[in-house]
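The residues making up each chain are set out below.
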Amino acid sequence: MSSSSRIDALLEPVTVRGVKFPNRVIMSPMTRGASPNGVPSPEVAAYYRRRAEGGVGAIFTESVFIEDKGTMGKFDLEGGEDLKIGWPVMFGDAPLEGWRRVVDEVHAAGGLIFPQLMHLGIQRTPAKGQAWSDIHISSPSGIWGTPEQIAGLDEEKAKALNCPEKAMTEDEIRAVINAFAEAAANAKSVGFDGIALHGGHGYLIDNFMREETNLRTDDWGGDHVGRMRFAVEVVRAVRTAIGDDTLISFRFSQWTHHDVDAMLTKTPEELQDILQLLADAGVDIFEASARDFRDPVYEGSPLNISAWTRKLVDRPVVMVGGTGVRRERHESALKPPQVVDNVDEIMERFAAGEFDFLAIGRALLNDPNWLQRARTGEPFLDFNPACLKMGYVE
Ligand SMILES: Cc1cc2nc3c(=O)[nH]c(=O)nc-3n(C[C@H](O)[C@H](O)[C@H](O)COP(=O)(O)O)c2cc1C
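Here the structure is a predicted model, which is why all the values come from computation and not from measurement.

Asks: A description of the site of the ligand should follow, citing residues and the corresponding values.
Replies: Taken together, 22 residues form the shell around the ligand, and within it Ser28, Thr31, Ser63, Gly361 and Arg362 come nearest. Looking at the shell around the ligand, the elements with two or more residues in it are strand 4 (58-65) and helix 11 (362-366). Considering only residue class, the shell around the ligand consists of eight nonpolar, eleven polar and three charged.

Have a look at this one:
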């Protein structure tokens, strides 16, 4: 890209733990469901490659499952049917070969790539008539949320999601931590540049971190510090599995999918405690996942969650949410947003030191060349609602 544009400052390279990012722009993880039987297809590789060719410095892939039955259910690994829709996994020969192709294509286009490793936790809806329908839902305390949160669900969702279960046992917890570590080692073996852990949005790692879903009184629960033990042990195990030359990014959020107004931390002091524990365990980069970067977090301060994170911990921070698009606060990510040009506001925040990396989601899903348009001033494309559908990888 030539110089002299309003996004120049974001196009400067930066090195973290010896890994050189070509620029400060990261593609946000977005589930695509285009990996039948857990294997990312050639179309998935081409989809990510197009974003790297469009100038994105690093790609954080869609959520990828670790090997634990408690996180399956959205696809059928053993069904043998020709499934068009499937969520990718990070274990097994065929999926890993599929990922190797994705990594090679993104590298050939000059980008870095991290897989987002995740476990669904309480958000695993029981499989509908699929091979894994007898599998239980993994969660710290066997509960989906507070009575108020459950009351906020519509009837169908409450039926699908609010399925009280037993709490995970010590052995089950250890097995999941090992599965994160194995998935990370697998990812490294096929050439990924780092690991992005999904610690937000109401999935398993986040379930342990939150008072609404972690009522444990053993060493995996307690106050906001005690509830961090699972996340910390996952990070440590991943660090041991991948060594010191590979990055770990950690995504967290105040909100969850089913309670946009949830507050993981009530005060900056609590946020500082949890960030420091994660940084000490081996996190290199924090992805502060907001639904919109304009959202303030704590009463009495205009700062958003990435600005707070940057203030409180000595690690590079990714600002997430709302680049090039706008939606109402309680609207789903799957509703087509309004296209907006908010690049100048973002650059002002970058200049003010509110973040180190910018994550871009829907704007890049809609247009692989969004960054080029931001640079040249060409008009942004209208939003194509079809791009939000599962299976879309154009
Ligand atoms: C279709 C779709 C799928 C998503 N899947 C994931 C996911 O797998 N993991 C994740 O952490 N966030 C996921 N998100 C959230 C995005 O990463 C991002 O945080 C959100 O879209 C806000 O950023 P944006 O305004 O730039 O799109 C998804 C969002 C969309 C629209």
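Asks: Could you give me a rundown of the sheet that holds strand 12 (residues 357-360), with the residues and numbers involved?
Replies: Ordered by their spatial adjacency, eight strands build a closed barrel running 3-4-5-6-7-8-9-12, and the pairing between neighbours is parallel. Averaged over all pairs of adjacent strands, the angle between their axes in this sheet comes to 25°, without regard to strand direction. One ladder, built from three bridges, connects strand 3 (residues 25-27) with strand 12; its direction is parallel. When the sheet's bridge partners are listed, Met27 is paired in strand 12 with Ile360.

Asks: Can you explain the packing of helix 7 (residues 229-242) against helix 8 (residues 268-281)? Please cite residues and give values.
Replies: Each pair of packed helices can be summarised by the angle the axes make with each other and by the distance between the axes. Between helix 7 and helix 8, the least distance of the axes is 8 Å, while the angle of their chain directions is 20°. Regarding the angle of helix 7 to helix 8, the classification is roughly parallel. Viewed along their axes, helix 7 and helix 8 form a crossing whose handedness is right-handed. Between helix 7 and helix 8, the contacting residues are Ala231, Val232, Val235 and Arg236 on the first element and Leu277, Leu278 and Ala281 on the second. Class assignment of the residues belonging to the contact of helix 7 with helix 8 gives a composition of six nonpolar, no polar and one charged.

Asks: Describe unusual backbone geometry, naming the residues involved and giving the relevant values.
Replies: In this model, Asn37 sits at a positive phi of 55°, which is unusual for a non-glycine residue. Within the secondary structure layout, Asn37 lies in the loop between strand 3 and helix 1 (42-53). Of the residues examined, Asn37 has 22 C-beta atoms within 10 Å and is grouped as buried.

Asks: Go over the nonpolar core, please, and point to the residues and values.
Replies: Inside soluble globular proteins, nonpolar side chains tend to come together where they are buried. Counting 98 residues, the largest nonpolar core has Leu117, Phe180, Ile195, Leu197, Val238, Val318 and Leu358 as the members making the most contacts within it. In contact with Leu358, not counting residues within four places along its chain, are Leu10, Arg24, Val25, Ile26, Met319, Thr323 and Ile346. Judged by nonpolar contacts, the second largest core, of five residues, contains Ile122, Ile137, Ile143 and Trp144.

Asks: Please set out helix 9 (residues 305-312) residue by residue, giving values where relevant.
Replies: A turn of α-helix holds 3.6 residues, and therefore any two residues three or four places apart point the same way. Most of helix 9 sits inside the fold, with six of its eight residues counted as buried. Along helix 9, the residues classified as buried are Ile305, Ser306, Ala307, Trp308, Thr309 and Arg310. Buried residues in helix 9 make contact with helix 8, strand 8 (285-289) and strand 9 (317-320).

Asks: Lay out the pairing of strand 4 in plain terms, naming residues and giving numbers.
Replies: Summarising burial for strand 4: eight of the eight residues are buried, a large majority. Where strand 3 meets strand 4, two bridges bridge the pair, whose relative direction is parallel. Counterpart to Met27 in the pairing with strand 4 is Ile59. Relative to strand 5 (residues 112-118), strand 4 runs parallel, the two sharing six bridges. Along strand 5, the bridge assignment pairs Ile59 with Ile113.

Asks: Can you tell me about the confidence of the model for the protein, naming the residues and giving the values?
Replies: Looking at the protein, the pLDDT average stands at 92 and 93% of residues meet or exceed 70. Confidence drops under a pLDDT of 50 for residues 75-84, and excluding neighbours within four residues, the segment shows 18 contacts in the predicted structure.

Asks: So, the pairing of strand 6 (residues 194-198): which residues are in play, and what are the values?
Replies: Among the five residues in strand 6, five count as buried, and that is most of the element. Neither face of strand 6 is exposed, since Gly194, Ala196 and His198 on one face and Ile195 and Leu197 on the opposite face are all buried. Pairing of strand 5 with strand 6, which is carried by two bridges, proceeds in the parallel orientation. If you follow Leu117 over to strand 6, its bridge partner there is Leu197. Sheet analysis places strand 6 next to strand 7 (residues 247-252), joined by five bridges and oriented parallel.

So, how was this worked out
- Residues numbered from 1 in each chain as written.
- Predicted model: local features only at pLDDT ≥ 70, side-chain atom pairs only at ≥ 80, totals over all residues.
- Near = placed C-beta within 6 Å.
- Helix = DSSP H or I, 4+ residues; strand = E, 2+ residues; numbered from the N terminus.
- Nonpolar A, V, L, I, M, F, W, Y, C, P; charged D, E, K, R; others polar.
- Pairing = 2+ DSSP bridges.
- Axes fitted to C-alpha atoms, helices over the stretch in contact; angles between N-to-C directions.
- Parallel < 35°, antiparallel > 145°, perpendicular 65-115°, else oblique.
- Left-handed = near helix turned anticlockwise from the far one by under 90°.
- Contact = placed C-beta atoms within 7 Å.
- Buried ≥ 20, exposed ≤ 12 C-beta atoms within 10 Å, placed from the backbone.
- Core = buried A, V, L, I, M, F, W, Y, C linked by C-beta atoms within 7 Å.
- pLDDT = per-residue confidence, 0-100.

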